[in-house]
Number of protein chains: 2
Amino acid sequence: VIGSRLNHLEQLKGIEVTLISETFQHTGSFKFRGAFTLAQHMQKEHFITASSGNFGQALALACKLLSKRCTVVMPQTSAQVKIDGVRSYGGEVILIDTTQVTRGKTVHDLGEQNPGAYIAHSYDDPWVIAGNATLGRELATLVPRPDCIVVPIGGGGLSSGIITGLREAGADIDVIGAEPLLANDAARSLRAGEIIANDQEPDTIADGARTLSLGMLNWEILRKGLQQIVEVPEDVIRKAVRMAFSYANLKVEPTGALSIGAILTNPELFAGKHVYCVVSGGNVDAATYRSILTD
Amino acid sequence: VIGSRLNHLEQLKGIEVTLISETFQHTGSFKFRGAFTLAQHMQKEHFITASSGNFGQALALACKLLSKRCTVVMPQTSAQVKIDGVRSYGGEVILIDTTQVTRGKTVHDLGEQNPGAYIAHSYDDPWVIAGNATLGRELATLVPRPDCIVVPIGGGGLSSGIITGLREAGADIDVIGAEPLLANDAARSLRAGEIIANDQEPDTIADGARTLSLGMLNWEILRKGLQQIVEVPEDVIRKAVRMAFSYANLKVEPTGALSIGAILTNPELFAGKHVYCVVSGGNVDAATYRSILTD
């Protein structure tokens, strides 16, 4: 949890912004909270997941710390740094050719071959939500209490966890979602009153929000607990990454910058308020980061 | 103060590294500690300094918080972001053409025009050292206690402050300096037993270490209190910035990365030890940072 110099910016005049950073969490994103809670409480010795992003690394480290086994199915085309990341935390990597076989089929087959293993979902899971709720409980203890909390939304794991944790702690603080405009299935779901899925994986730079739809468990919490969702254009996501770099010395991944981007997109919504912006993670490769800084 | 994933790296095998980050300090570097302590204790209403880097911004904010006046003399050629930085903290900026007049002359003249003002030195000052000593006292309270602390060295303000703070707290922990090989006047001074100055401003990427020599007050503390100095080549400084980016999600300025670079330069010195690496600041502009990430 850190403060920031964003408050000096003309663009944010009248809005008090505090960044809540999960970029220094174990494995560099909030995902470790859910992964560790799952691996700790689920009475299994072997976990299998298809997540090639932050959840895969988080689950690998969680299992290592708990002396359990972890298998992560990843496309052959994954960035080497991500493959190395999982391995460095002791995870077993299975590389597949996604033109030949889907990740889902591979995980299913692995499950049949390892009947004692647990197939871990990165957000639609009660233990994962319970793990992410620890951040909500931490936010409830901070003083001064903010007027609202802005949270990036992909599958809804973090936002549903934060709402759960805040309510457990008895804190009635507004929670606002921040979603890429290019991947606005959650915003459309909230408007429709039911889960709406994207037709295909959205091509947003916020790779943590390239989910097809919200999880069922997450949706049940978000439909009642989320105030609204701000849809953030791609260029504003990139600008938010640069602002975190220039004015907060914070290395943020595009998905993590969505919460800052929400304020830039709709400043009127936050006028006169003290806002906690949750920065969900910092894992972005050098090439992508360089291209964003160049904009 | 944060931990890091640097410990997973093969290159650092057997060395336990903890990063002590001042990049989220007010104004983005440790300089605020000394600047605030000086502006708070010195019974003057107006402070003048020639520092165009981190100290200028730090003194401007310190004076603003204390309702005092601050004037910063900067070369016309300073990066606009630095000029804007000082102004955003309420400092008055005087731009000079350094081909026509030196900063020293300008500051001297300003002092004559403002006889009540105090000419602030960014490191060779007892209040500045006392302010930086607060970090030493904080380090003395941390558990587990490290085997040694590595600190970037420019003018010697931070390193002399940390040694002072540690000794005040009764902590007898080795302090090792990290200096650019291109700007190794402190290492040469330690070998010679007297202050040796650089002939001209060294052309290192670590701009906070482009000082001509150690300060007198700093030298008196360092000659007795510093264990040794590691001289870090330019390419290793750049590599250290990239390692902080990739494995700690930490945006570090080149001067701040010197402490990590010292371990990479001389790993044998740190074998089997638990090392606190002080990262002194994070203020680096996007163009420089991009060029380092590209290496």
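To start, this report covers the structure provided alongside it. From a predicted model like this one, the values you see are computed outputs, not experimental measurements.

### Things to note about the overall build of chain A
- On a plain count of helices and strands, chain A comes out with 12 helices and nine strands.
- Across its three principal axes, chain A shows a C-alpha extent of roughly 60 × 45 × 35 Å.
- The long-range fraction of contacts in chain A, counting pairs at least 24 apart against all pairs at least 6 apart in sequence, stands at 72%.
- Approximately 11800 Å² of chain A is accessible, and the part contributed by carbon and sulfur atoms is 50%.
- Mean positive and mean negative side-chain charge positions of chain A (26 and 31 charges, respectively) differ by 4 Å.

### Quick notes on the relation of the copies chain A and chain B
- Screw-axis analysis of chain A against chain B gives a translation of 0.0 Å along the axis, an RMSD of 0.0 Å, and a rotation angle of 180°. When the rotation and shift are considered jointly, the pair of chain copies conforms to a two-fold rotation axis.
- Residue by residue, 100% of the interface of chain A is reproduced at the interface of chain B, so both copies engage with the same surface.

### Here's the deal with the sheet that holds strand β4 (residues 92-96) of chain A
Residue and element names in this part refer to chain A.
- Pairing in this open sheet of four strands is parallel, and the strands run β4-β3-β2-β5 from one edge to the other. Edge positions in the sheet fall to β4 and β5 (118-119), since each of these pairs with one other strand and no more.
- Where strand β3 (residues 69-75) meets β4, five bridges bridge the pair, whose relative direction is parallel. Residue pairing in the sheet places Val73 in a bridge with Ile94 of β4.

### Observations regarding the sheet that holds strand β9 (residues 274-279) of chain A
Residues and elements named next belong to chain A.
- Strand order in this open sheet of five strands is β1-β9-β6-β7-β8, and the pairing throughout is parallel. Unpaired on one side and paired on the other, β1 (16-21) and β8 (228-232) mark the two borders of the sheet. When strand polarity is set aside, the average angle formed by the axes of neighbouring strands in this sheet is 25°.
- As judged from the six bridges shared by β1 and β9, these two strands associate in the parallel manner. If you follow Ser21 over to β9, its bridge partner there is Val279.
- Contacts from helix α7 (residues 185-192) reach β7 (174-180) and β8, with the element oriented near 145° to β8.

### Thoughts on the nonpolar core
- Within the largest apolar cluster, 79 residues are counted, with the highest numbers of intra-cluster contacts made by Leu19 and Tyr289 of chain A together with Leu19, Phe270 and Tyr289 of chain B.
- If sequence neighbours within four positions are ignored, Phe270 of chain B has contacts with Ile15, Cys148, Val150, Ile176, Ala262, Ile263 and Val275 of chain B.

### Observations regarding the interface of chain A and chain B
- Counting residues at the interface gives 26 residues for chain A, matched by 26 residues for chain B.
- Summed over both sides, the interface between chain A and chain B buries roughly 2000 Å², with carbon and sulfur atoms accounting for 61% of that surface.
- Taken together, the connections running from chain A to chain B amount to zero salt bridges.
- Our count for the contact surface shared by chain A and chain B stands at 12 residue pairs in polar contact (both at pLDDT 80 or more).
- Contributions of two or more residues to the side of chain A that touches chain B are made by α2 (54-65), α9 (234-248) and α12 (286-294) of chain A.
- For the side of chain A that touches chain B, the residue count by class is 10 nonpolar, 11 polar and five charged.

### Quick word on the pattern of salt bridges
Residues and elements named next belong to chain B.
- Summed over all chains, the structure comprises 20 salt bridges over all chains.
- Across the pair Asp207 and Lys82 runs a salt bridge whose closest N-O atoms are separated by 3.7 Å. Taken together, the positions of Asp207 in the loop between α7 (185-192) and α8 (216-225) and Lys82 in helix α3 (residues 80-88) put the pair 125 residues apart, joining distant regions of the chain.
- Of the residues examined, Asp207 reaches a relative accessible area of 30% and is grouped as partly exposed.

### Some words on the packing of aromatic side chains
- Under the counting rule described, the total for this entry stands at 10 aromatic pairs over all chains.
- An angle of 75° between the planes, with centres 6.4 Å apart, marks the rings of Tyr289 of chain A and Tyr289 of chain B as edge-to-face. Of this pair, Tyr289 of chain A sits in helix α12 while Tyr289 of chain B sits in helix α12 (residues 286-294), on two different chains.
- For Tyr289 of chain B, a relative accessible area of 0% gives the class buried.
- A network of ring pairs unites the aromatic residues Phe245 and Tyr289 of chain A together with Phe245 and Tyr289 of chain B as a single cluster.

### Looking at the pairing of strand β2 (residues 46-49) of chain A
Residues and elements named next belong to chain A.
- Burial of the side chains of β2 extends over both faces: His46 and Ile48 are buried on one face and Phe47 and Thr49 on the other.
- As defined by bridge partners, β2 adjoins β3 across four bridges and the pair is classed as parallel. Among the inter-strand pairings, Ile48 is bridged to a residue of β3, identified as Thr71.
- When β2 meets β5, the two strands line up parallel, connected through two bridges. Across the sheet, Ile48 pairs through a bridge with Ile119, a residue of β5.

### A look at the pairing of strand β6 (residues 148-152) of chain B
All names here are of chain B.
- Across the five residues that make up β6, a large majority, five, are buried.
- In β6, alternate side chains face the same way, and those of Cys148, Val150 and Pro152 on one face and Ile149 and Val151 on the other are all buried.
- One ladder, built from five bridges, connects β6 with strand β7 (residues 174-180); its direction is parallel. Each bridged residue has a counterpart across the sheet, and for Cys148 the counterpart in β7 is Asp174.
- As judged from the three bridges shared by β6 and strand β9 (residues 274-279), these two strands associate in the parallel manner. In the sheet register, Val150 faces β9, and the bridge partner there is Cys277.

### Considerations on the packing of helix α1 (residues 31-41) of chain B against helix α5 (residues 126-141) of chain B
Residues and elements named next belong to chain B.
- Relative orientation of the contacting elements α1 and α5 amounts to 130°, with a least axis distance of 7 Å. Comparing their axes, α5 and α1 come out oblique. Seen from above, α1 lies across α5 with right-handed handedness. Between α1 and α5, the contacting residues are Arg33, Gly34, Thr37, Leu38 and His41 on the first element and Trp127, Val128, Ala130, Gly131, Asn132, Thr134, Leu135 and Glu138 on the second.
- A class-by-class count of the residues in the contact of α1 with α5 yields five nonpolar, six polar and two charged.

Conventions and cut-offs
Residues numbered from 1 in each chain as written. Chains lettered and ligands numbered in written order. Predicted model: local features only at pLDDT ≥ 70, side-chain atom pairs only at ≥ 80, totals over all residues. Heavy atoms only, no water. Helix = DSSP H or I, 4+ residues; strand = E, 2+ residues; numbered from the N terminus. Contact = heavy atoms within 4.5 Å. Areas by Shrake-Rupley, 256 points an atom, 1.4 Å probe, with all protein chains shown as cover. Lys, Arg positive; Asp, Glu negative; His and termini not counted. Charge placed at Lys NZ, Arg CZ, Asp CG, Glu CD. Least-squares fit on C-alpha atoms with pLDDT ≥ 70 in both. Pairing = 2+ DSSP bridges. Axes fitted to C-alpha atoms, helices over the stretch in contact; angles between N-to-C directions. Core = buried A, V, L, I, M, F, W, Y, C linked by side-chain atoms within 4.5 Å. Buried < 20%, exposed > 50% of the residue type's maximum accessible area, 1.4 Å probe, protein only. Buried area = accessible area lost by both parts, 1.4 Å probe. Salt bridge = Lys/Arg side-chain N within 4 Å of Asp/Glu carboxyl O. Polar contact = N/O pair within 3.5 Å; in protein donor to acceptor, adjacent residues only side chain to side chain. Nonpolar A, V, L, I, M, F, W, Y, C, P; charged D, E, K, R; others polar. Phe/Tyr/Trp six-rings, centres within 6.5 Å; stacked < 30°, edge-to-face > 60°. Parallel < 35°, antiparallel > 145°, perpendicular 65-115°, else oblique. Left-handed = near helix turned anticlockwise from the far one by under 90°.

Honestly, it's all geometry; don't read function into it.
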